Structure formats: C-alpha cells, structure tokens
Amino acid sequence: TEAIGLYNVGQSCCLNSLLQVFLMNIRFTGILRRITVPPHAAQKRRNVPYQMLLLLEQMQCGKQKAVSPTDLACCLSVYRVKLFVQHDAAQLFLTLWNLIKRQMKKPQLVEELNDLYTICVQEHLACQKCSSESKRNSSMLTLPLPVLDSSSHVLKTLEDCLQYFFHPEELTDHNMCFCEQCGRKTPFLQSMKLVHLPQTLTIHLKRFCFEKSADIHKLSHYLPFPQDLDFNAVLTENQCQADDNEKAAWKYELFAVVAHSGSASCGHYCAYIRSLTECKWYCFNDSEVCQVSWDDVKCTYGHSNLHW
C-alpha cells in the first residue's frame, strides 16, 4: 500500500531506479505475476523474471521502508551485469529487457511484453538520381533522441528532439550509398517513419556524447518535456506510416523519469514515478522514497546548477 525503496548494494542506483520503473508499472507486474515458476532451486536463482517477482512480493509484503535487491543482483551477475560500476540507464534497460523476455517461457506473455514496450518504425532509403526506394521495418525498445542537431546546436524541447529524429537526412559526399539501378554511388535521402507505438513508450535522451578526443562527456543543458504528449500534434503525415486507429492511440501521459546527476564518469541515478493507482508522484532515491510535486519533477530538465 506504500512506495518502498531499494537499498543500494554497490553502486546499484541505476539498477534500483530501473527496477522501480518496471515494478511500479501495473501492466508489467500483471505480466510478471503469470510467469512459469522454475521447478528447481538452482533455476530459480538464475531466472531474472522470477527474482523480480520475489522482489515485488517482498516490497509489497514488507513493513520496512526499503528492501534489499541482493538476490536479484546476484542473479544478474550470472549474466555479466556488474555491480560497483556506473551503468548507462538506457543500456541497462535494454539488458534487463532482453533477459526478462528470453526467460519468459509462455509465448503469450512474451507477446504481451512486446505490446507493452516495443516500438515499430519503417526505414526508407531513396536514391536522389533515379528515385528508386527501399523500405525496411525494424523494432526498437526506446526512441533514442539526440539533444543536439547535426550542427551541434541545442534542441530546446522534447518535441524539437522528436521532430529532428524523424526528419529526413541527405546522404551526400562520403556518406553516399551504392544504387543498384544507377550502378554507382549516388546521393540518398534517408528517413524514418513511425509505424507502431507501444502501451508504455520509453524515450532515451542521448545526453552522453563522444568528443574528438574519444572522451565521453555529458550534455547537461536544460530540456523541458511535457506531462502529456500527442504524437499526432508533433509529427507530420509524412513521418507516420499508420492508419487512423493506430494513430488515435498515440497519446501519452508521463509515467516515470530516470534522472542522472553528475558527470559522464561518476554520478547518481534516481527515479521520479507517478503511481498509476494513486496518481501521485514519488521520488525513489535508493532506500529513500518521498512524495513530490510536478515542480520537483521539472528539476530533471537538466542544467548543471539544478539539483534534486
């Protein structure tokens, strides 16, 4: 009945934040509760969905303010998910997702998990000389949005990032592609069209970037995002490859924000999550959980002098 924290078991703030986002999503826990329980103790220790289910039950039945994810962390270490290192949240999210999906034995649950999280896009490549075009559908777990444009100018809002991500790009000079119709390398127009969005959409802001020296640094500039997002109001008709029924479902309410403070080499993660049963926002900072306001959530918009 209350939000429960997770103890930090060795620089596990990133893992804790992601686990809280998974376990606060009642659609995800509805799938998790129907998994096939492994028959043997050794299999149970190595099964990620089962260990997540145990952690969920421990959080729901416990009377203390926080519980320890040690058993789940040990299970993940079998699959080379390390403790005592700083993870990138988007990469760890993908790793957890792949482990959960691979170890769910029921095809129906795998299908429901895909419906819950998987994005479908259609990639287009068109020759600018002969107009021949190729199309390919592909699936994504997150929309990886750049926060700078090709000229390294700051994109000022989440909507700007979305429009830039789906904007056609000209492939010229050394980026030209080989055209089979023309028999040589020609300029191409590359574009991506949105085909399907899932029930829970995950957006990844690419705030870590490589400099020419090969060092990674963090882009901390201010970038606001809305509480409600309608893709039909952001993208043009040419950027969508879907019927009206599909597009009618492309309206979202913000559910969670996984936020990072610090630099690319060290820092701390916490999660701001809106309870789907109470419609209240909470900050999950490892073992500490407190109710917060929308103004508190807006502190995750960025800028190096903003603290939360």
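Thresholds applied
- Residues numbered from 1 in each chain as written.
- Predicted model: local features only at pLDDT ≥ 70, side-chain atom pairs only at ≥ 80, totals over all residues.
- Heavy atoms only, no water.
- Helix = DSSP H or I, 4+ residues; strand = E, 2+ residues; numbered from the N terminus.
- Rg over C-alpha atoms; globule rule 2.2 N^0.38 Å.
- Buried < 20%, exposed > 50% of the residue type's maximum accessible area, 1.4 Å probe, protein only.
- Contact = heavy atoms within 4.5 Å.
- Areas by Shrake-Rupley, 256 points an atom, 1.4 Å probe, with all protein chains shown as cover.
- Lys, Arg positive; Asp, Glu negative; His and termini not counted.
- Charge placed at Lys NZ, Arg CZ, Asp CG, Glu CD.
- Pairing = 2+ DSSP bridges.
- Axes fitted to C-alpha atoms, helices over the stretch in contact; angles between N-to-C directions.
- Phe/Tyr/Trp six-rings, centres within 6.5 Å; stacked < 30°, edge-to-face > 60°.
- Parallel < 35°, antiparallel > 145°, perpendicular 65-115°, else oblique.
- Nonpolar A, V, L, I, M, F, W, Y, C, P; charged D, E, K, R; others polar.
- Core = buried A, V, L, I, M, F, W, Y, C linked by side-chain atoms within 4.5 Å.
- Arc of directions from axis to C-beta.

- As recorded in an unreviewed UniProt entry, the protein chain goes by UBP18 hydrolase and comes from Haliaeetus albicilla.

### Quick word on the overall build of the protein chain
Moving on, step 1. For the protein chain, the helix and strand inventory stands at 11 helices and 18 strands.
Moving on, step 2. A compact globule built from 308 residues would reach a C-alpha radius of gyration of about 19 Å, and the protein chain, at 21 Å, matches this within 12%.
Moving on, step 3. Its C-alpha atoms give the protein chain principal-axis dimensions of roughly 70 × 50 × 40 Å.
Moving on, step 4. A buried classification covers 44% of the 308 residues belonging to the protein chain.
Moving on, step 5. Taking the contacts inside the protein chain whose residues are at least 6 apart along the sequence as the reference set, 62% of them involve residues at least 24 apart.
Moving on, step 6. A total of about 16,700 Å² of accessible surface is found on the protein chain, and carbon and sulfur atoms cover 50% of it.
Moving on, step 7. A gap of 7 Å separates the mean positions of the 30 positive and 30 negative side-chain charges of the protein chain.

### Details of the sheet that holds strand 9 (residues 188-196)
Moving on, step 1. The strand order across the open sheet built from four strands is 4-3-9-6, with neighbouring strands paired in antiparallel fashion. This sheet does not close on itself; its edge strands, each paired only once, are strand 4 (133-140) and strand 6 (169-171). Adjacent strand axes in the sheet meet at a mean angle of 25°, parallel and antiparallel pairs treated alike.
Moving on, step 2. In this sheet, strand 4 lies alongside strand 3 (residues 119-127) in antiparallel orientation, the contact comprising eight bridges. Among the inter-strand pairings, cysteine 120 is bridged to a residue of strand 4, identified as serine 139.

### Let's talk about the packing of aromatic side chains
Moving on, step 1. Summed over all chains, the structure comprises 13 aromatic pairs.
Moving on, step 2. On the numbers, 6.1 Å between centres and 70° between planes, the contact of phenylalanine 231 with tyrosine 252 is edge-to-face. One end of the pair, phenylalanine 231, is in helix 9 (residues 231-234); the other, tyrosine 252, is in strand 14 (residues 251-253), and 21 residues separate them in sequence. Of the two residues examined, phenylalanine 231 and tyrosine 252, each falls in the buried class.
Moving on, step 3. Site record: aromatic cluster; members linked through ring pairs are Phe22, Phe28, Phe93, Trp97 and Tyr117.

### Re unusual backbone geometry
Moving on, step 1. The backbone of phenylalanine 84 sits at a positive phi, close to 60°, despite the residue not being glycine.
Moving on, step 2. Note on placement: phenylalanine 84 falls in the loop between helix 5 (70-78) and helix 6 (89-103).
Moving on, step 3. With relative accessibility at 59%, the residue phenylalanine 84 sits in the exposed group.
Moving on, step 4. The phi torsion at aspartate 286 lies on the positive side, around 55°, for a residue other than glycine.
Moving on, step 5. Within the fold, aspartate 286 resides in the loop between strand 17 (281-285) and strand 18 (288-292).
Moving on, step 6. By relative accessible area, aspartate 286 is classed as buried at 13%.

### Structural notes on the sheet that holds strand 15 (residues 256-262)
Moving on, step 1. Pairing is antiparallel across the open sheet formed by four strands, whose spatial order is 15-16-17-18. Looking at which strands have only one partner, the edges of the open sheet turn out to be strand 15 and strand 18. For this sheet, the mean inter-axis angle between neighbouring strands, taken without regard to orientation, is 25°.
Moving on, step 2. Sheet topology note: the strand 17/strand 18 ladder contains five bridges and is antiparallel. When the sheet's bridge partners are listed, tyrosine 282 is paired in strand 18 with glutamine 291.
Moving on, step 3. Contacts between helix 1 (residues 13-23) and the sheet are confined to strand 15, strand 16 (267-274) and strand 17, with strand 16 contributing the most and set at about 10° to the helix.

### Description of the pairing of strand 15
Moving on, step 1. Sheet topology places strand 15 next to strand 16; seven bridges connect them, and they run antiparallel. Considered in strand 16, the bridge of valine 257 is made with tyrosine 272.
Moving on, step 2. The hairpin formed by strand 15 and strand 16 contains four residues between the paired strands.

### Examining the packing of helix 4 (residues 48-61) against helix 6
Moving on, step 1. Where helix 4 contacts helix 6, the two axes come as close as 8 Å, and the packing angle between them is 105°. Regarding the angle of helix 4 to helix 6, the classification is roughly perpendicular. Contacts between helix 4 and helix 6 involve Val48, Pro49 and Met52 from the former and Leu99, Ile100 and Gln103 from the latter.
Moving on, step 2. Residues of the contact of helix 4 with helix 6, tallied by class, amount to five nonpolar, one polar and no charged.

### Structural notes on the nonpolar core
Moving on, step 1. Among the nonpolar cores identified, the biggest contains 40 residues, and Phe28, Leu32, Met52, Met104 and Tyr117 are the most heavily contacted of them.
Moving on, step 2. Among the secondary structure elements, those contributing two or more residues to this core are helix 1, helix 2 (26-32), helix 4, helix 5, helix 6 and helix 7 (107-117).
Moving on, step 3. The residues touching leucine 32, leaving out its near neighbours within four places in the chain, are Leu23, Pro49, Met52, Leu53, Leu56 and Met104.
Moving on, step 4. Leu162, Phe166, Leu219 and Val257 belong to the second largest nonpolar core, which has 36 residues in total.

### Digging into helix 7
Since the α-helix turns once every 3.6 residues, residues separated by three or four places project in the same direction.
Moving on, step 1. All buried positions along helix 7 are accounted for by Leu109, Val110, Leu113, Leu116 and Tyr117. Burial along helix 7 is one-sided: seen end-on, the buried residues are contained in an arc of 120°. Summarising the geometry of helix 7, the exposed residues directed more than 90 degrees from the buried face are Pro107, Gln108 and Glu111.
Moving on, step 2. Buried residues along helix 7 sit in contact with helix 1, helix 2, helix 6, strand 3 and strand 4.

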